[in-house]
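Here are the chains, one letter per residue:
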Amino acid sequence: MAPNARHAALLLLVVCLAAGAASAIQDGMLPNGNFEEAPPKSQLNGTRVTGRNAIPRWEISGYVEYIRSDQKQGDMILPVPEGAAAVRLGNDASIQQRLALTRGAHYSITFSAARTCAQAEQLNVTAAPESDILPIQTVYTSSGWDSYSWAFEATASSVSLIIHNPGVTEDAACGPMIDLFAIKALQPPQSSKNNLLKNGDFEEGPYFFPSTQYGVLVPPMDEDDFSPLSPWMVMSSTKSVKYVDAAHHAVPHGARAVELVSGMETALVQNVSTVPGLPCRLQFSVGDAGNACAGSMAVQAYAGRGSVKVPYQSKGKGGYKRGVLDFTAIADQTRVVFVSMAYNMKPDGTLCGPVVDDVSLVCTRNHPARRLLL
Ligand SMILES: *[C@@H]1O[C@H](CO)[C@@H](O)[C@H](O)[C@H]1NC(C)=O
Ligand SMILES: *[C@@H]1O[C@H](CO)[C@@H](O)[C@H](O)[C@H]1NC(C)=O
Ligand SMILES: *[C@@H]1O[C@H](CO)[C@@H](O)[C@H](O)[C@H]1NC(C)=O
């Protein structure tokens, strides 16, 4: 290579590296994440998208429909959650977008989904090598559209996000609708001096669209999955918890909290390192999200061999009380667990429940509050 050519190549490399670093995606909506940029008419047959790259910024495979909100679905009109368009994934269909990310960083994806046919619909979400099946059969809003979150680690600086409908039904056009995709880089959870739990106030979590009135579901996961609410995990077979923000809800502390919307079927869990034999005190808030979820609520907290039930009478207008659980650590890992002991419903028939927030765990031989109590 001539010196000039080598210089030019080097310069190109430097420019590319700089561009690569600068182009990692920003928090917020993905490019055409709301599908408002439409496919050209020439690549639509009715609602079916015929070209692989017809939807700007996305690549499709299989039976994918481009749905406008004024179009009839059978004999009903399905409103879309934002703007005027959404996408439906038919049998085994998928849609994907390539994302420029920071290698090694953790990200959460927020998106809206609505099931359309009355069966156990699921979505398979992949950012290789992470791939998970999200159950979407339980509907938590009266509109039929729920916001879901999912997390992964970027193992490369360019990763394809793939949303796939693994279902196969007689009607090829039957399948979930999706819309409104956003991304957020997750900060590593920090421990603080006075709290063994990380993210105890639930401030670090998935992206909220300012228009997201009904919170963001955090679906169940396996213990080795990445969590959008890290290091909190959601343990259930098919049911979620709901992440709520102060802009649209009553939140006991800070800007965010978790609403336990699935009764006894779902546990909110975090493992912490503890010293066996040390006395510990778990403190937390139990309240309601101010979202018309009224009635008798109860949150059961478990840690070590201890447990406590905190009843809370909700008027659906916000408010909370503090719960306390004193226990002795029995292992070098203590699992802190919160479960709602009742099923609650809003007047519109959708599931709701108590809010948990501001959780702290302190283990010490010299617990000042404890000495006062004894
Ligand atoms: C559009 O779809 C219909 C029904 O599947 C098919 O019969 C027709 O040939 C398609 N039109 C074009 C232009 O591909
Ligand atoms: C989920 O989607 C990924 C990527 O398309 C695919 O490799 C995987 O086989 C799918 N999993 C299921 C269970 O369909
Ligand atoms: C969490 O703690 C429980 C015991 O409290 C233990 O059985 C489980 O293996 C732990 N999980 C992880 C991922 O460390």
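Reading the values: rules and limits
Residues numbered from 1 in each chain as written. Chains lettered and ligands numbered in written order. Predicted model: local features only at pLDDT ≥ 70, side-chain atom pairs only at ≥ 80, totals over all residues. Heavy atoms only, no water. Disulfide = S-S within 2.5 Å. Helix = DSSP H or I, 4+ residues; strand = E, 2+ residues; numbered from the N terminus. Core = buried A, V, L, I, M, F, W, Y, C linked by side-chain atoms within 4.5 Å. Buried < 20%, exposed > 50% of the residue type's maximum accessible area, 1.4 Å probe, protein only. Contact = heavy atoms within 4.5 Å. Near = heavy atom within 4 Å. Polar contact = N/O pair within 3.5 Å; in protein donor to acceptor, adjacent residues only side chain to side chain. Areas by Shrake-Rupley, 256 points an atom, 1.4 Å probe, with all protein chains shown as cover. Nonpolar A, V, L, I, M, F, W, Y, C, P; charged D, E, K, R; others polar. Pairing = 2+ DSSP bridges. Axes fitted to C-alpha atoms, helices over the stretch in contact; angles between N-to-C directions. 1 Å grid on protein atoms, 1.4 Å probe; cavity = no way out; pocket = protein on both sides within 12 Å on 5 of 7 lines; lining within 4 Å. Points joined across faces, edges and corners; volume = space filled by probe spheres on them. Salt bridge = Lys/Arg side-chain N within 4 Å of Asp/Glu carboxyl O. pLDDT = per-residue confidence, 0-100. Phe/Tyr/Trp six-rings, centres within 6.5 Å; stacked < 30°, edge-to-face > 60°.

**Student:** Explain the state of the cysteines to me, please; I cannot follow it from the model alone.
**Tutor:** Linking two cysteines covalently through their sulfur atoms gives a disulfide. In total, this model carries two disulfides according to the counting rule given. Across the disulfide, Cys280 is cross-linked to Cys363 (sulfur-sulfur distance 2.1 Å). Of note, the bridge from Cys280 to Cys363 carries an S-S torsion of about 105 degrees and is right-handed in sense. Of this pair, Cys280 sits in strand β21 (residues 279-288) while Cys363 is found in strand β28 (residues 355-363), placing the two residues 83 residues apart along the sequence.

**Student:** Explanation requested: the nonpolar core in the structure shown.
**Tutor:** Generally speaking, nonpolar side chains in soluble globular proteins are found buried as a group. Counting residues in hydrophobic clusters, the biggest one holds 42 residues, and the most contacted among them are Phe202, Leu282, Phe338, Val359 and Leu361. Beyond its immediate sequence surroundings of up to four residues, Leu282 is in contact with Leu197, Ala301, Gly323, Val324, Leu325, Phe327, Val336, Phe338, Val359, Ser360 and Leu361. In this structure, Ile60, Ala127, Ala154 and Leu351 belong to the second largest nonpolar core, which totals 40 residues.

**Student:** Hey, could you run me through the site of ligand 3 in this one?
**Tutor:** Surveying the vicinity of ligand 3 reveals the residues Glu223, Asn271, Gln333 and Arg335. Within the contact set of ligand 3, an oxygen atom lies 2.6 Å away from a side-chain nitrogen or oxygen of Asn271. Between ligand 3 and Gln333 there is a distance of 3.3 Å, counted from an oxygen atom to a side-chain nitrogen or oxygen. Bound to the protein, ligand 3 loses 46% of the 360 Å² it would expose on its own. Its residues placed into classes, the shell around ligand 3 shows no nonpolar, two polar and two charged.

**Student:** Explanation requested: the sheet that holds strand β23 (residues 306-314) in the structure shown.
**Tutor:** An order of β17-β20-β25-β22-β23 is seen for the five strands of this open sheet, with the pairing classed as antiparallel. The sheet is open, and its two edges are formed by β17 (233-235) and β23, each paired on a single side. In this sheet, adjacent strand axes meet at a mean angle of 25 degrees when their direction is disregarded. Here four bridges tie strand β22 (residues 295-303) to strand β25 (residues 333-340), and the two strands are oriented antiparallel to one another.

**Student:** Help me out: how do you make sense of empty space enclosed by the protein in this one?
**Tutor:** Going through the model one piece at a time under the given rule, you end up with one cavity of 30 Å³ or more. Of the volumes computed, that of the largest cavity is approximately 70 Å³. The wall of the largest cavity is formed by Asp132, Leu134, Ser149, Trp150, Pro219, Pro220, Met221, Asp225, Phe226 and Pro228. Broken down by secondary-structure element, the contributors of at least two residues to the lining of the largest cavity are β12 (130-135) and β13 (146-153). Class assignment of the residues belonging to the lining of the largest cavity gives a composition of seven nonpolar, one polar and two charged.

**Student:** How should the pairing of β21 be read in this particular structure?
**Tutor:** On any regular strand, side chains alternate: one points to one face of the sheet, the next to the other face. Counting buried residues in β21 gives nine out of ten residues, a clear majority hidden from the surface. By the bridge criterion, seven bridges tie β21 to β28 in an arrangement that is antiparallel. Looking at the pairing, Arg281 lines up with Val362 of β28.

**Student:** Could you clarify how one ought to interpret the pattern of salt bridges in this entry?
**Tutor:** Pairs can form between side chains of opposite charge whenever their charged atoms are close. Inspection of every chain in the model, using the stated rule, returns seven salt bridges. Salt-bridge contacts for Glu204 lead to Lys184; the nearest nitrogen and oxygen are separated by 3.8 Å. You can see Glu204 sitting in the loop between β15 (177-186) and β16 (216-218) and its partner Lys184 sitting in strand β15, a full 20 residues away along the chain. Measuring nitrogen to oxygen at the nearest pair gives 2.8 Å for the salt bridge that ties Glu223 to Arg335. Remark: Arg335 occurs in strand β25 and Glu223 occurs in the loop between β16 and β17; sequence separation between them is 112 residues. Arg335 sits in the partly exposed class, given a relative accessible area of 31%.

**Student:** Quick question: what am I supposed to make of the confidence of the model for the protein here?
**Tutor:** Interpretation of this model should avoid reading the predicted coordinates in detail wherever pLDDT is low. Of the residues in the protein, 89% have a pLDDT of 70 or more, and the chain-wide mean is 90. Taken as a whole, residues 13-22 scores under 50 in pLDDT and shows zero contacts with residues more than four places along the chain or in a different chain.

**Student:** Help me out: how do you make sense of the pairing of β12 in this one?
**Tutor:** In terms of strand pairing, strand β11 (residues 122-127) meets β12 through six bridges, oriented antiparallel. In the sheet register, Asn124 faces β12, and the bridge partner there is Ile133. Between the end of β11 and the start of β12, which pair antiparallel, lie two residues.

**Student:** Help me understand the packing of aromatic side chains, please; the structure alone is not making it clear to me.
**Tutor:** Inspection of every chain in the model, using the stated rule, returns twelve aromatic pairs. Ring geometry for Phe35 and Phe181: centres 6.1 Å apart, planes at 80 degrees, overall edge-to-face. Of this pair, Phe35 sits in the loop between β1 (28-29) and β2 (44-45) while Phe181 is found in strand β15, placing the two residues 146 residues apart along the sequence. As far as the burial class goes, Phe35 and Phe181 line up, both buried. When the centroid spacing of 4.9 Å and the interplanar angle of 65 degrees are considered together, the rings of Phe284 and Phe338 count as edge-to-face. Of this pair, Phe284 sits in strand β21 while Phe338 is found in strand β25, placing the two residues 54 residues apart along the sequence. Residue classification places Phe284 among the buried residues on the basis of a relative accessible area of 0%.

**Student:** Can you help me understand unusual backbone geometry in this one?
**Tutor:** Keep in mind that most residues, glycine aside, have a negative phi and that most peptide bonds are trans. The residue after Ala128, namely Pro129, is reached through a cis peptide bond having omega 5 degrees. Relative to the elements of secondary structure, Pro129 occurs in the loop between β11 and β12. Even without glycine at this site, Phe35 takes up a positive phi of about 60 degrees. A positive phi angle, near 70 degrees, is found at Ala292, a position not held by glycine. Position of Ala292 among the secondary structure elements: in the loop between β21 and β22.

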